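Okay, here's what each chain looks like letter by letter:
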Amino acid sequence: MEPANLLELARSFRQWAIDNGLKDRGIDGGHGRANYDDALVDSFQISAQGAAVLQRRVISFVGIKRRENKILVFTSKKITLPEEKLLSKKFAGVDVEYLHSGAPVAFAGMGANYYQTAAGAYCCGSSIHPARYAGAGTMGALVRDEAGILYGLTNNHVTGDCNFTDAASPVLAPGHIDIQPHGIDPFTIGYHHRTLPMVSGSPDNVAASDNSDAALFRIKDESLVSSMQGVYHDTPVTTKPLMDGMIVEKVGRTTSIRQGVVVAQMVGFEPCLYSINALAGGKSLVYFDSPFILVGAPGQPKFSEPGDSGSLVSILENGQRHAAGLLYAGNGEGYTFVLPIEPILSNLQVSLVSGHNL
């Protein structure tokens, strides 16, 4: 048979794993479902012992590294060295690597980080949250629409409470859990405006391909906010697609400025678990189509911690900074999950703002 391309191989292996009970949450739907033939499955060269290992350790998701032409198989439980010797290291001549990671989870953070310019303007990368509930997330960037109205950009689950925040609801800065003695007085930074679609449920039942964890809140007073990312650099106005191997950076409410590496892009629809304040701690499982997986840069701590949700992820290339993604989740194994910024800006019909109250 002709050699399959990287994405076709990864999608086919993922679907084969679902069909054979080797993958956690074996749900996929619509255009995400892969078709494969027996010859392609034979190319995986997975023995009965290898399949038994994957069944015990449970595949959480599958990713691809385009630059290295490599498939990554992530398992919920760590694979031992003897077990790894039973697993195929190539699919149809494509290298395969096995890593340990659970599913993405979005949580509010504990800790305190917010930034102000010398003139007192509140900076991106700082703590925000709907005034109605206790919590804290990150204001990722300032953006404007075609009418020139200024908004803050963050996650739906930060200021939109997973679609349950009413329009025009006040957004507090800093978030409640970051209010402390000798800190700044909390103030209404803006009002919830709109979100992109983020609907819970199986991709077989909902339009999961439209899901994106992003929200806008209208800035109350432009003089009170800055486009600075903390005290480190201004928000870029240009964008760049995420790609495995990229060295990226973010400024977040919990961990401040940190560098990370894009590990891979997930293949197919994968879920993220959310807690919803309006439902008294109720849970929601939302599927996203092919998000990206990041880790901390070599020699550095984790790229993110709870409370960094909503942070803008950027890349510095040849001396010029570009926006690349919006951080929305993490997990206990040190992985961070990011959505590409370009579709978010396009679907919200806004542009990034730079040079504002530096």
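These numbers come from a predicted model, not from an experiment.

The rules behind the values
- Residues numbered from 1 in each chain as written.
- Predicted model: local features only at pLDDT ≥ 70, side-chain atom pairs only at ≥ 80, totals over all residues.
- Heavy atoms only, no water.
- Pairing = 2+ DSSP bridges.
- Helix = DSSP H or I, 4+ residues; strand = E, 2+ residues; numbered from the N terminus.
- Core = buried A, V, L, I, M, F, W, Y, C linked by side-chain atoms within 4.5 Å.
- Buried < 20%, exposed > 50% of the residue type's maximum accessible area, 1.4 Å probe, protein only.
- Contact = heavy atoms within 4.5 Å.
- Salt bridge = Lys/Arg side-chain N within 4 Å of Asp/Glu carboxyl O.
- Phe/Tyr/Trp six-rings, centres within 6.5 Å; stacked < 30°, edge-to-face > 60°.
- Lys NZ or Arg CZ within 6 Å of the ring centre and 35° of its normal.

Novice: Before we move on, can you summarise the sheet that holds strand β23 (residues 350-352) with the specific residues and values?
Specialist: An order of β7-β6-β10-β11-β12-β9-β8-β23 is seen for the eight strands of this open sheet, with the pairing classed as antiparallel. Strands at the two margins of the open sheet, each flanked by one partner only, are β7 (137-138) and β23. Across five bridges, strand β11 (residues 187-195) lies against strand β12 (residues 215-219) in antiparallel orientation. Across the sheet, residue R194 finds its bridge partner in β12, namely L216.

Novice: Break down the nonpolar core for me, citing the residues and quoting the values.
Specialist: L153, Y274 and I293 are the most contacted members of the largest nonpolar core, which totals 36 residues. When sequence neighbours within four positions are dropped, the list of residues in contact with I293 reads F61, F74, V261, V262, V263, A264, M266, Y335, T336 and F337. With 24 residues, the next largest nonpolar core counts L9, L54, L87 and F91 among its residues.

Novice: Before we move on, could you go through the sheet that holds strand β5 (residues 122-124) and cite the residues and values that matter?
Specialist: Overall, mixed pairing links the three strands, which are arranged β5-β13-β14 in an open sheet. Of all the strands in the sheet, the pair left with one neighbour each is β5 and β14 (233-234). Bridge count between β5 and strand β13 (residues 225-229): three bridges; the pairing is parallel. Bridge pairing links C124 to Q229 in β13.

Novice: So what's going on with the pairing of β11? Residues and values would help.
Specialist: Bridge analysis of strand β10 (residues 170-173) against β11 gives four bridges, and the strand direction is antiparallel. Across the sheet, V171 pairs through a bridge with G190, a residue of β11.

Novice: Summarise the pattern of salt bridges; cite the residues concerned and give the values.
Specialist: Within this structure, the stated rule accounts for 13 salt bridges. Among the ionic pairs, E97 bridges to K70, the shortest N-O distance being 3.3 Å. Highlighted residues: E97 in strand β4 (residues 94-100) and K70 in strand β2 (residues 70-75), separated in sequence by 27 residues. Where D95 meets K90, a salt bridge forms, and the shortest distance between an N and an O atom there is 2.3 Å. Given the relative accessible area of 41%, K90 is considered partly exposed. It is possible to trace a salt-bridge network through shared partners that takes in K65, E68, K70 and E97.

Novice: Break down the packing of aromatic side chains for me, with residues and values.
Specialist: Counted according to the given criterion, the structure contains ten aromatic pairs. Between Y114 and Y122 the ring centres are 6.3 Å apart and the planes differ by 25°, which places this aromatic pair in the stacked class. Here Y114 and Y122 have matching classes, each one buried. Three or more aromatic residues joined by ring pairs make a cluster, and in this case those are F61, F74, Y335 and F337. Above the face of the F303 ring, K250 is positioned so that its terminal group lies 5.2 Å from the ring centre.

Novice: Summarise unusual backbone geometry; cite the residues concerned and give the values.
Specialist: A cis amide bond links A173 to the next residue, P174, at an omega of -10°. Looking at the secondary structure, you find P174 in the loop between β10 and β11. Look at D161: it is not a glycine, yet its phi comes out positive at around 45°. Note that D161 resides in the loop between α5 (156-160) and β10. If you check the backbone angles, S256 has positive phi at about 65° while not being a glycine. With respect to the helices and strands, S256 occurs in strand β16 (residues 256-266).

Novice: Account for the pairing of β2, with residues named and values stated.
Specialist: Among the six residues of β2, six are classified as buried, and the element is accordingly described as predominantly covered. Here six bridges tie strand β1 (residues 59-65) to β2, and the two strands are oriented antiparallel to one another. The residue of β2 that forms the bridge with I59 is T75. Between β1 and β2, which follow one another and run antiparallel, lie four residues, and N69 among them has a positive phi close to 50°.

Novice: Go over the side chain of H356 with me, naming the residues and quoting the values.
Specialist: Checked against the element boundaries, H356 lands in the segment after β23. Once residues lying within four places of it in the same chain are set aside, the contact partners of H356 are L142, R144, L150, E222, V225, S226 and S227.

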